[in-house]
Amino acid sequence: MRVGLIGAGRIGAVHARSLAEDPRVGRIHVVDTDPDRARQVAESIGGQVADGVDTLLDTAPDAVVVATPTRTHADLVVHCAARGVPVLCEKPVFTDPATARRVAAQVRETTTPVCVGFQRRFDPGYLRGHDAVRSGAIGRLCRVHLLTADPEPPPAAYVAVSGGIHRDCQIHDFDVLRWVTGREVVEVYATGANRGADYIAAAGDVDEAAAVLTLDDGTLATMQASRYNGAGYDVRMELAGSRATVAVGLDTRVPLRSAEPDAPPLAEAAWPGFLDRFAAAYRAEVAAFLGLVAAPDAGGPSGTSGGLAGHATVDDALQALLIAEAASLSRRERRPVRLAEVGADTVPAGTVTR
């Protein structure tokens, strides 16, 4: 296959290595607004530099991976899908509901596969959690808890345009909650606090967040996020059932100490960040995307759930964004917010991946 990589920054370089290591890929064309960066990444993987997106698409690549700044994602996805080129786009594809609905509608009008990069769906722990719930191995799901805690906050320039902790950080939790449980969120009650750098509050954001989410079958999910987890990068999900409880992320590198005197110490150094923690998931995500491109009949229309080899669809991404919108509104107004208030009832039924 010939694959285009649009964006040669930090995550673009990660995807470049995954593409180069896959035996199904014969040629990689790299595009970036910074020619030197594009050349460096291309040379590191034995690829070639393309002059621009249209030049790349004119060569009729078999697929493209989009890893550009967030503000460019929506237009690139629509442009590539309209040209019939399968897309794997980093999250978020969009940061506001109006753009989200426009992009989702335009993608649904095509038959082009468009996958969204929620890489936790390809992490071995989350996959086992998903299977434990769906198979009934833990019995009836009673409650869920999710945590995403960064060791340090992103820089001020990023926070100012990120859309806030719910849209930037917890969006992964919103997506994986839907995917693991197979349920939709119907209500959110969120709160937050500022305990660190002034620039986070100045951007109208918080550095500590907590929320209670009610699913459509009555299951309660609690969720926490932090920009200041000094012990290291900590991402976990607990799934408590009527017969058993399983925990995702409770590995030998979890930055968590027991206060019990006979508890074993942490076996390895804590994860420093998401690229290390989810390195295998990113590789598996790209591999699954290439498999979909190589055997498109194994997938399905881009607007259908479960039709993209386990990837999130644009409709999945839209639903996660609407949960983030509800959380943001709840935190601002200090009240529970029904998803219907932010337009979740306009999302096509059945978009949650089963």
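Rules used throughout
Residues numbered from 1 in each chain as written. Predicted model: local features only at pLDDT ≥ 70, side-chain atom pairs only at ≥ 80, totals over all residues. Heavy atoms only, no water. Helix = DSSP H or I, 4+ residues; strand = E, 2+ residues; numbered from the N terminus. Rg over C-alpha atoms; globule rule 2.2 N^0.38 Å. Buried < 20%, exposed > 50% of the residue type's maximum accessible area, 1.4 Å probe, protein only. Contact = heavy atoms within 4.5 Å. Areas by Shrake-Rupley, 256 points an atom, 1.4 Å probe, with all protein chains shown as cover. Lys, Arg positive; Asp, Glu negative; His and termini not counted. Charge placed at Lys NZ, Arg CZ, Asp CG, Glu CD. Pairing = 2+ DSSP bridges. Axes fitted to C-alpha atoms, helices over the stretch in contact; angles between N-to-C directions. Phe/Tyr/Trp six-rings, centres within 6.5 Å; stacked < 30°, edge-to-face > 60°. Lys NZ or Arg CZ within 6 Å of the ring centre and 35° of its normal. Patch = residues over 30% accessible without salt bridge, like charges linked within 9 Å, V, L, I, M, F, W, Y side chains within 5 Å. Salt bridge = Lys/Arg side-chain N within 4 Å of Asp/Glu carboxyl O. 1 Å grid on protein atoms, 1.4 Å probe; cavity = no way out; pocket = protein on both sides within 12 Å on 5 of 7 lines; lining within 4 Å. Points joined across faces, edges and corners; volume = space filled by probe spheres on them. pLDDT = per-residue confidence, 0-100.

Glancing now at the overall build of the chain. If you tally the helices and strands in the chain, you get 13 helices and 13 strands. Computed over the C-alpha atoms, the radius of gyration of the chain is 20 Å, within 12% of the 20 Å expected from 2.2 N^0.38 for a compact globule of 354 residues. Principal axes of the C-alpha set define a box for the chain whose edges measure 60 × 45 × 45 Å. Relative to its full complement of 354 residues, the chain shows a buried share of 53%. A fraction of 71% describes how many contacts in the chain between residues 6 or more apart in sequence connect residues 24 or more apart. When the accessible surface of the chain is split by element, carbon and sulfur atoms take 51% of a total near 15,200 Å². Charge centroids of the chain, computed over 36 positive and 44 negative side chains, lie 3 Å from each other.

Turning next to the sheet that holds strand S12 (residues 245-248). If you walk across this open sheet you meet the 7 strands as S12-S11-S7-S10-S9-S8-S13, and the pairing is mixed. Only two strands of the sheet have a single neighbouring strand rather than two, namely S12 and strand S13 (337-338). Summarising the sheet, strand S8 (residues 185-193) and S13 pair through 2 bridges and their orientation is antiparallel. Its bridge partner being in S13, valine 188 is matched across the sheet by valine 337. Helix-sheet contacts for helix H9 (residues 171-181) involve strand S7 (141-149), S8, strand S9 (208-215), strand S10 (220-226) and strand S11 (234-241), and the interaxial angle to S7 is about 150°.

For the structure on display, the rule yields 0 aromatic pairs. Across the ring face of tryptophan 271, the terminal group of arginine 253 is positioned such that the distance to the ring centre comes to 3.9 Å. Against the face of phenylalanine 278 rests arginine 277, its NZ or CZ located 4.4 Å from the ring centre.

Before going further, it helps to examine a nonpolar patch on the surface. Together, Tyr189, Val212 and Leu220 make up an exposed nonpolar region whose accessible area comes to about 270 Å². Mapping leucine 220 onto the fold places it in strand S10. With a relative accessible area of 44%, leucine 220 lands in the partly exposed category.

It is worth spelling out the environment of tyrosine 282 at this point. Along the chain, the position of tyrosine 282 falls in helix H12 (residues 279-294). When the C-alpha positions of tyrosine 282 and glycine 117 are compared, they lie 8.6 Å apart, and in sequence the two are 165 residues distant. Discounting residues that sit within four places of it in the chain, tyrosine 282 has contacts with Ile11, Val14, His15, Ser18, Glu90, Gln119, Phe274 and Leu275.

Estimates place the volume of the largest pocket at around 1,400 Å³. Top element by residues in the lining of the largest pocket is helix H4 (residues 70-82). It accounts for 5 residues.

Another aspect to go through is the environment of glycine 218. With respect to the helices and strands, glycine 218 occurs in the loop between S9 and S10. Measuring from C-alpha to C-alpha, the distance between glycine 218 and valine 186 comes to 9.1 Å, with 32 residues separating the pair along the chain.

This part covers the confidence of the model for the chain. With 94% of its residues at a pLDDT of 70 or more, the chain has an overall mean of 93. Throughout residues 299-306 the model reports pLDDT below 50, and contacts reaching past four residues in sequence, or to other chains, amount to 20 contacts.

On to the environment of glycine 273. Assignment of secondary structure puts glycine 273 in the loop between S12 and helix H11 (274-277). Sequence separation of glycine 273 and arginine 338 is 65 residues, and the distance between their C-alpha atoms is 33 Å.

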